[in-house]
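# Report on the structure
Below are the chains, spelled out letter by letter.
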Amino acid sequence: MSKARAAIFERLNAVERPVVEVSEREDFSVFAWDKAEKIRRFTERMQAVRAEVHQADRSNWLDKIAEICQQKGLTNLLLSLTTEWGQAISQNAARFPSLKHYERSIEDWKEELFYQADAGLTSTLGGIAETGTLMLWSSPDEPRTLSLVPPIHIAILDTDKLYTTFAEAVQEQGWLEQGLPTNALLISGPSRSADIAQVLAYGVHGPKELVVVLV
Amino acid sequence: MTTEFRIDVKKALGKSEVRAHFRKAMDTLMINRRNQFPDDAALQALRTQAQAIRANVLSKLPELLQQLETNLTKNGVQVHWAETTDEANQIVLAIMQKHGAKSIIKGKSMVSEEMGLNHFLEERGIEALESDLGEFIIQLDGETPSHIIMPAIHKSKEQISTLFHEKFPDIPYTDNVDELTASARRILRDKFYAAPVGLSGVNFAVAETGTLCLVENEGNGRMSTTIPPVHIAVTGIEKVVEKLSDIPPLLSILPRSATGQPITTYFNMISGPRKADEKDGPTEVHLVLLDNGRSRIYSDSELLATLRCIRCGACINHCPVYVRIGGHSYGTVYPGPIGTILEPQKSGLSVHGELIQASSLCGACGEVCPVRIPIPNIINRLRYDSVRKDSENTPTQDAGTKRKPLEAATWQAWSWAASTPSVYNFGGKTATQLRGLVPNNLGAWTSVRSAPKLAEQTLHQQLKALGVDHE
């Protein structure tokens, strides 16, 4: 198909290029919100799309997550054994439903992941206050499907990592400098659709419920 | 003149129930969009920025495509080029054959509609299954999308309930939307579980990082690009974006213009297949870059603006023609104002040239376009292309084929009369004197309107009577 490539480039290169005024391109969107305001806006946006938001701190977040698991009647919880949060939960395993660690390649346990996992718990890279958004980067510790396949996604967000806008987050966290992961993801609520007569329905393909725990 | 388009339009206008769905849906979408932009100055600034980003891309498209290819390849993504939709289909087929795959599960992709991929694969014994809820529904009914964002918008809840019950008799009849959605989830979960290949479109392809970005609400895009061992993305060559920092402004304006959401549920940025130490994701990722007429559009500095489009559908939602005739009447992949300018340019004026008449030039599409494509101007330009004498000076195919000698002579005569005052004044006075002779039946015009009556005096005469010296 390099013939197609050559033909396309030949046509594109045959043209005199339009000159473009670029001055407005660099506008950078950011707000001067303090931490409390960022939390307030983030929470408001998340709740508007039917996500649950819980407040916790370093001393009681384990209790909060145990409480959520109990309230949802989870029989199991899928998580990473290697993240800071995953380790702490695993050390207190008795307080939680049966813990499953994402240790094998998906091919080795696809059926269990698809049909038996009740909820997946992940850390987050941070959040965006303007739109009520979580940022997740896939990694060997926390694969993509952890926040995708189970019907409930529980995400822990460190409130020191809340940014006002996506533009600010990308710049402050140095996404370009770090190099992007296989899959960078923004999540702004549970899976939804309005494809049937514009009636909102949740849990089409992704999680039906999104639970955010602010720490 | 009765053409297929006109027959379809007439049929669509007669379906009052479907028209009511469109009216209600478009009203909701317009209100939702307006609520997202309470500050007009901020909206205009964001539109200018989005326009600058997209126009910039087009000013260096070949370089950026090369950069995109280099970085994607470095990331482990296999890049393919297709001049025509048939070539693109063949590329997808070859990848599937290499893996012995008999089925493909699809996330929402308008370029795959453009390719007619489902039909192409099914003819070769391969099952192509849509997983976007709206696309899934219309596929069950053997239909095509009637809107680029909300493909099943023409169907009522009752129609969808009946359709589900017909196609899946084991599932008890229900018109509860949550239950219908849950059924679709169950059915498609099993399909995702087993699918050997997944397909998606691309909203933005970032040249700087070699990243494919996908905007969606349901998770069909995430599932299609994560679960099957092979992921094939298809997109047009114009979808490239230069820098990662260009993404936040575009992501800010796209969903707000499209559905009036501040952001979609998922924004998925894919920069390569599964790495050695990763536990999921496809082991192979392919990108098919489709031309299909785009590089021809690229050669004209005015028509070029067509390629800025980010496929939000705002022009469609605000179009007084679309809301009345619906998406299917257009007979094209892309309906509404963007289809009106894009389709005749892709396939030639002799195929879809009639669409450029299906506009009142009210200007709403141009006003709401997030990248400021002057759609009404381009419609006018294509109307001109269809009758111009110097057809060699436009890349539009079949230019000049609508030119009629009598019409051309009439306009030439009019031009001469209007710029020769003695003739113009004489003509005006004569017309007022013969005003009684205007027939009541003026063909199509008077079929739904009363015939116009000429004034007793010309405007010049009236102004003179009012004492205006300098007309």
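Everything quoted here is computed from the prediction, not taken from an experiment.

### Re the overall build of chain A
What chain A contains, in helices and strands, is 7 helices and 12 strands. Seen along its three principal axes, the alpha-carbon backbone of chain A occupies a region of about 70 × 45 × 45 Å. Counting over 215 residues, chain A shows a buried share of 57%. Considering only intrachain contacts with a sequence separation of at least 6, the fraction spanning at least 24 residues in chain A is 71%. Total accessible area computed for chain A in this model is approximately 9300 Å², and 46% of it derives from carbon and sulfur atoms.

### Observations regarding the overall build of chain B
When you go through chain B residue by residue, the secondary structure sums to 23 helices and 10 strands. Within the span of chain B, comprising 471 residues, buried residues form 58% of the whole. In chain B, 71% of the contacts between residues at least 6 apart in sequence involve partners at least 24 apart. Carbon and sulfur atoms make up 54% of the accessible area of chain B, which amounts to about 19700 Å² in all. Once the 51 positive and 52 negative side-chain charges of chain B are each reduced to a mean point, those two points are 5 Å apart.

### A few points about the pattern of salt bridges
The tally for this structure, following the rule as stated, stands at 35 salt bridges over all chains. Here Arg 274 of chain B and Glu 107 of chain A are joined by a salt bridge, their closest N and O atoms 2.8 Å apart. Placement of Arg 274 of chain B in the loop between β9 (266–270) and β10 (284–290) and of Glu 107 of chain A in the loop between β3 (98–101) and α5 (110–115) is noted, with the two residues assigned to different chains. Since its relative accessible area comes to 17%, Arg 274 of chain B is described here as buried. Lys 155 of chain B is paired through a salt bridge with Asp 141 of chain B; the nearest N and O atoms lie 2.8 Å apart. Of this pair, Lys 155 of chain B sits in the loop between α8 (133–140) and α9 (157–167) while Asp 141 of chain B sits in the loop between α8 and α9, and the two are 14 residues apart along the sequence. The buried category is assigned to Lys 155 of chain B, whose relative accessible area is 6%. Salt bridges linked by common partners bring Glu 114, Glu 238, Arg 294, Arg 311, Glu 343 and Lys 346 of chain B together as one network.

### Concerning empty space enclosed by the protein
To find the voids left in a structure, one rolls a probe of water-molecule size over its atoms. Residue and element names in this part refer to chain B. If you walk through the whole model with that rule in mind, you get 8 cavities of 30 Å³ or more. Forming the boundary of the largest cavity are 17 residues, of which Cys 319, Pro 320, Pro 337, Ser 359 and Cys 365 lie nearest the centre. Residue assignment for the lining of the largest cavity shows that the elements contributing at least two residues are α15 (320–325), α16 (336–347) and α18 (364–368). Class assignment for the residues of the lining of the largest cavity results in 12 nonpolar, 5 polar and no charged. Of the pockets and cavities examined, the second largest cavity occupies roughly 80 Å³. Every residue lining the second largest cavity is counted, 14 residues in all, and those nearest its centre are Cys 309, Cys 312, Cys 315, Cys 369 and Pro 370.

### Things to note about the interface of chain A and chain B
Taken together, the contacts link 78 residues of chain A with 91 residues of chain B. When chain A packs against chain B, close to 7400 Å² is buried across both sides, 59% of that on carbon and sulfur atoms. Contact with chain B buries surface across chain A, with Arg 25, Ile 196 and His 205 of chain A losing the most and accounting together for 12% of the total. Linking chain A to chain B there are 4 salt bridges. Joining chain A to chain B, the criterion identifies 33 residue pairs in polar contact (both at pLDDT 80 or more). Broken down by element, the residue count for the side of chain A that touches chain B peaks at 9 residues, all from helix α1 (residues 2–13) of chain A. For the side of chain A that touches chain B, the per-class residue count stands at 40 nonpolar, 18 polar and 20 charged. By the bridge criterion, 5 bridges tie strand β9 (residues 183–187) of chain A to β9 of chain B in an arrangement that is antiparallel.

### Section: the sheet that holds strand β8 (residues 162–163) of chain A
Taken together, 8 strands build an open sheet; the order of strands is β8(A)-β5(A)-β6(A)-β9(A)-β9(B)-β6(B)-β5(B)-β8(B) and the sheet is mixed. With partners counted over all chains shown, the strands left at the sheet margins are β8 of chain A together with β8 (240–241) of chain B, one partner each. Bridge analysis of strand β5 (residues 204–206) of chain B against β8 of chain B gives 2 bridges, and the strand direction is parallel. Counterpart to Ala 205 of chain B in the pairing with β8 of chain B is Val 240 of chain B.

### Examining the environment of Glu 179 of chain B
Residue and element names in this part refer to chain B. Looking at the secondary structure, you find Glu 179 in helix α10 (residues 177–194). Classification of Glu 179 as partly exposed rests on a relative accessible area of 43%. With 110 residues separating them in the primary sequence, Glu 179 and Leu 289 have C-alpha atoms 38 Å apart. At a separation of 3.0 Å, a polar atom in the side chain of Glu 179 contacts the side chain of Thr 174.

### What to know about the nonpolar core
One finds Phe 166 and Trp 175 of chain A together with Phe 204 and Phe 267 of chain B to be the most contacted residues of the largest nonpolar core, which totals 126 residues. If you count residues domain by domain, this core takes at least three from each of domain 1 (1–36 + 302–403) and domain 2 (56–292) of chain B. If we ignore the near neighbours within four places in the chain, the residues touching Phe 204 of chain B are Thr 211, Leu 212, Cys 213, Val 215, Lys 239, Val 241, Ile 247, Leu 250, Leu 254, Phe 267 and Ile 310 of chain B. By size, the runner-up hydrophobic cluster in this structure holds 33 residues, among which are Leu 78 and Leu 148 of chain A together with Ile 138 and Ala 195 of chain B.

### Regarding the packing of aromatic side chains
Ring pairs (aromatic) are described by centroid distance and by the angle formed between their planes. Taken as a whole and judged by the stated rule, the model has 16 aromatic pairs over all chains. Ring geometry for Phe 31 of chain A and Trp 33 of chain A: centres 4.3 Å apart, planes at 0°, overall stacked. On the basis of relative accessibility, which here comes to 34%, the residue Phe 31 of chain A falls in the partly exposed class. When its relative accessible area of 16% is taken as the criterion, Trp 33 of chain A is described as buried. Ring geometry for Tyr 115 of chain A and Tyr 193 of chain B: centres 5.6 Å apart, planes at 50°, overall tilted. Pair noted here: Tyr 115 of chain A is in helix α5 and Tyr 193 of chain B is in helix α10, and the two residues belong to different chains.

### Some words on the sheet that holds strand β4 (residues 197–200) of chain B
All names here are of chain B. In spatial order, the strands read β1-β10-β7-β4-β2-β3; together these 6 strands make up an open sheet with parallel pairing. The sheet is open, and its two edges are formed by β1 (77–82) and β3 (127–130), each paired on a single side. Adjacent strand axes in the sheet meet at a mean angle of 25° when their direction is disregarded. Summarising the sheet, β4 and strand β7 (residues 230–236) pair through 4 bridges and their orientation is parallel. Counterpart to Gly 198 in the pairing with β7 is His 231. Where helix α5 (residues 85–98) meets the sheet, its contacts fall on β1, β2 (103–106), β4, β7 and β10, and the angle it forms with β1 comes to roughly 145°.

### Overview of the domain arrangement of chain B
Examined at the domain level, chain B breaks down into domain 1 (1–36 + 302–403), domain 2 (56–292) and domain 3 (405–465). Here domain 2 of chain B and domain 3 of chain B have C-alpha centroids that lie 55 Å from each other.

### Structural notes on helix α19 (residues 375–387) of chain B
Owing to its 3.6 residues per turn, the α-helix brings residues three or four apart onto one side. Over its 13 residues, α19 of chain B runs 19 Å from end to end, which matches the ideal 18 Å to within 8%, given 1.5 Å per residue. For α19 of chain B, the secondary structure elements touched by its buried residues are α14 (314–317), α16, α17 (349–352) and α18 of chain B.

About the cut-offs
Residues numbered from 1 in each chain as written. Chains lettered and ligands numbered in written order. Predicted model: local features only at pLDDT ≥ 70, side-chain atom pairs only at ≥ 80, totals over all residues. Heavy atoms only, no water. Helix = DSSP H or I, 4+ residues; strand = E, 2+ residues; numbered from the N terminus. Buried < 20%, exposed > 50% of the residue type's maximum accessible area, 1.4 Å probe, protein only. Contact = heavy atoms within 4.5 Å. Areas by Shrake-Rupley, 256 points an atom, 1.4 Å probe, with all protein chains shown as cover. Lys, Arg positive; Asp, Glu negative; His and termini not counted. Charge placed at Lys NZ, Arg CZ, Asp CG, Glu CD. Salt bridge = Lys/Arg side-chain N within 4 Å of Asp/Glu carboxyl O. 1 Å grid on protein atoms, 1.4 Å probe; cavity = no way out; pocket = protein on both sides within 12 Å on 5 of 7 lines; lining within 4 Å. Points joined across faces, edges and corners; volume = space filled by probe spheres on them. Nonpolar A, V, L, I, M, F, W, Y, C, P; charged D, E, K, R; others polar. Buried area = accessible area lost by both parts, 1.4 Å probe. Polar contact = N/O pair within 3.5 Å; in protein donor to acceptor, adjacent residues only side chain to side chain. Pairing = 2+ DSSP bridges. Core = buried A, V, L, I, M, F, W, Y, C linked by side-chain atoms within 4.5 Å. Domains from an automatic or database assignment. Phe/Tyr/Trp six-rings, centres within 6.5 Å; stacked < 30°, edge-to-face > 60°. Axes fitted to C-alpha atoms, helices over the stretch in contact; angles between N-to-C directions. Expected span 1.5 Å × (residues − 1).

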